[in-house]
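Residue-level listing of the chains:
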Amino acid sequence: MEIRAPYIIVGAFVLSAIVAVFGFVYWLNNFGGIGKRETYQLVFTDPVPGLLVGAGVLFNGIRVGEVTALELVPERPREVRARIAVAERTPVHTDTRVGLDFQGLTGVPVIALEGGDDSQAPPAREPLVAEKGAGRSMTQAARDALRRVDAVLSDNAAPLHSTIDNLSTLAEGLARNTPKLDGIVAGLERMTGGAPAPRKVAYDLHAVDGFGAQRHANLPVQLVMAEPTAIARLQTQRFLFTPDEETQGFEGAQWSDSLPVLVQARLLQSFENYDVEHAPLRTDSGIEGAPRLLIDLRRFEIVQGPQPRATISLSAKIVDRNGQVKAAKLLEGSEAISSLTPSEAAAAFDKAFGALARELVMWVAATD
């Protein structure tokens, strides 16, 4: 009895182990993820780089099986056939699309099944044919795209060279005209209120105050001097240019008053510096029927060119009490501008105006 006891224990242990193995297999088959499988044959007409037996099969992104076999077809060298096993209830129908996907950083290939739009479609019939280009990886697609780009560039080399040359010419033209473009943009900003107005700087003219030995006679009978007449273009405080265009640096520069008013004021002061007792009076002084000194402002502008010049031109007439012109004179002055800046331009205008004012005063003094 004692001799048989070990054999009974060993037999019971072996029997329990066999039952446990069969129980594990039963659980694995029904509950552990293996379950009953359906097999399908797939056909790829493109290469399937990296696809291996055991690779996963995804249906709408969910793993439902794996690849069980891969084979080549000798009579059809372009085809690759794969056999897959998927869970029994996987809805593989005739409209199911077959492709190859590459997952992760290493690009591990898996077979991707995608359900169709028709839920009533009949079950799939073998073989299922993969979509065209399903086996192409991202790297291969990038190579193909670069190859096509290279072909397009090769076929259009001459037009591309011509386009680049034209862009270079355009860039050179823009570089040469940058100051003008800046002026145009600044003007648009001022028109639309998109930029703050530049700070205004006012410039003035000076009356002639030193006649010295040139003063040889008093002024004749007292004259009345009205505000000089001028065309509309000269009725401004801006610095004027010929040709009339926007000039960089003069956006905030202006005269202290409109040109006709400023010229009248400085001419009257020049006459007073020559002979304050007999200097012409303004028209609002209340004197009627007196001889008049008529001034017409013809030019007051910067003439642009290799050497910019400040140019002033005016005409003067002495008219008696009866409206008859007793004397007339045309006065013109021009002064070179050393550098085209508002301060240098104002200095040149001041010098040219001083010469004209001196000439006008001496002419009136010499007229009977």
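Everything numeric in this text was worked out from a predicted model, so none of it was measured.

1. Thoughts on the overall build of the protein chain
For step 1, the next point in the chain: Counting its secondary structure elements, the protein chain contains six helices and 16 strands.
For step 2, the next point in the chain: Out of the 368 residues belonging to the protein chain, those deemed buried represent 33%.
For step 3, the next point in the chain: Long-range pairs, those at least 24 residues apart, make up 68% of the contacts in the protein chain with a sequence separation of at least 6.
For step 4, the next point in the chain: As presented, the protein chain carries roughly 22,700 Å² of accessible surface, and 57% of it is formed by carbon and sulfur atoms.

2. Considering the pairing of strand β1 (residues 37-44)
For step 1, the next point in the chain: Where β1 meets strand β4 (residues 76-87), eight bridges bridge the pair, whose relative direction is antiparallel. Bridged to Leu42 within β4 is Ala82.
For step 2, the next point in the chain: By the bridge criterion, two bridges tie β1 to strand β7 (residues 128-129) in an arrangement that is parallel. Within β7, the residue paired with Val43 across the bridge is Val129.

3. Section: unusual backbone geometry
Note: most peptide bonds trans; most residues except glycine with negative phi.
For step 1, the next point in the chain: The omega angle of the peptide bond from Thr242 to Pro243 is 0°, so this bond is cis rather than trans.
For step 2, the next point in the chain: Checked against the element boundaries, Pro243 lands in the loop between β11 (241-242) and β12 (253-255).

4. Side note on the nonpolar core
For step 1, the next point in the chain: Ranked by size, the top nonpolar core spans 49 residues in total, and within it Phe239, Trp255, Leu293, Phe300, Phe349, Leu360 and Val364 carry the most contacts.
For step 2, the next point in the chain: Of all the secondary structure elements, the ones that give two or more residues to this core are β12, α5 (259-274), β14 (292-303), β15 (309-319), β16 (325-336) and α6 (342-366).
For step 3, the next point in the chain: Looking at this core element by element, the count peaks at 14 residues for α6.
For step 4, the next point in the chain: Residue contacts for Phe239: discarding those within four places in its chain leaves Tyr203, Phe250, Ala253, Gln254, Trp255, Ile302, Pro342, Ala345, Ala346 and Phe349.

5. Quick notes on the side chain of Ser270
For step 1, the next point in the chain: By secondary structure assignment, the location of Ser270 is in helix α5.
For step 2, the next point in the chain: A distance of 2.9 Å separates a polar side-chain atom of Ser270 from the backbone oxygen of Arg266.
For step 3, the next point in the chain: Residues within four places of Ser270 in sequence aside, it is in contact with Ala207, Val208, Phe211, Ala357 and Val361.

6. Some remarks on the pattern of salt bridges
For step 1, the next point in the chain: The final tally for this structure, using the stated rule, is eight salt bridges.
For step 2, the next point in the chain: Two residues, Arg76 and Glu79, come together in a salt bridge whose shortest N-O distance is 3.3 Å.
For step 3, the next point in the chain: Taking the relative accessible area as the measure of exposure, Arg76 reaches 46% and is therefore partly exposed.
For step 4, the next point in the chain: Where Glu114 meets Arg97, a salt bridge forms, and the shortest distance between an N and an O atom there is 3.1 Å. Within this pair, whereas Glu114 is found in strand β6 (residues 108-114), its partner Arg97 is found in strand β5 (residues 97-103), the two being separated by 17 residues in sequence.
For step 5, the next point in the chain: Using a relative accessible area of 42% as the deciding quantity, one classes Glu114 as partly exposed.
For step 6, the next point in the chain: Here Arg97 falls in the partly exposed class, since its relative accessible area comes to 32%.

7. Examining the environment of Arg292
For step 1, the next point in the chain: Topologically, Arg292 is positioned in strand β14.
For step 2, the next point in the chain: Taking relative accessible area as the criterion, Arg292 reaches 38% and is therefore assigned partly exposed.
For step 3, the next point in the chain: It is 5.8 Å that separates the C-alpha atoms of Arg292 and Ile318, two residues lying 26 residues apart in sequence.
For step 4, the next point in the chain: Excluding residues within four positions of it along the chain, Arg292 makes contact with Leu223, Val224, Lys317, Ile318, Val319 and Gly323.

The rules behind the values
- Residues numbered from 1 in each chain as written.
- Predicted model: local features only at pLDDT ≥ 70, side-chain atom pairs only at ≥ 80, totals over all residues.
- Heavy atoms only, no water.
- Helix = DSSP H or I, 4+ residues; strand = E, 2+ residues; numbered from the N terminus.
- Buried < 20%, exposed > 50% of the residue type's maximum accessible area, 1.4 Å probe, protein only.
- Contact = heavy atoms within 4.5 Å.
- Areas by Shrake-Rupley, 256 points an atom, 1.4 Å probe, with all protein chains shown as cover.
- Pairing = 2+ DSSP bridges.
- Core = buried A, V, L, I, M, F, W, Y, C linked by side-chain atoms within 4.5 Å.
- Polar contact = N/O pair within 3.5 Å; in protein donor to acceptor, adjacent residues only side chain to side chain.
- Salt bridge = Lys/Arg side-chain N within 4 Å of Asp/Glu carboxyl O.

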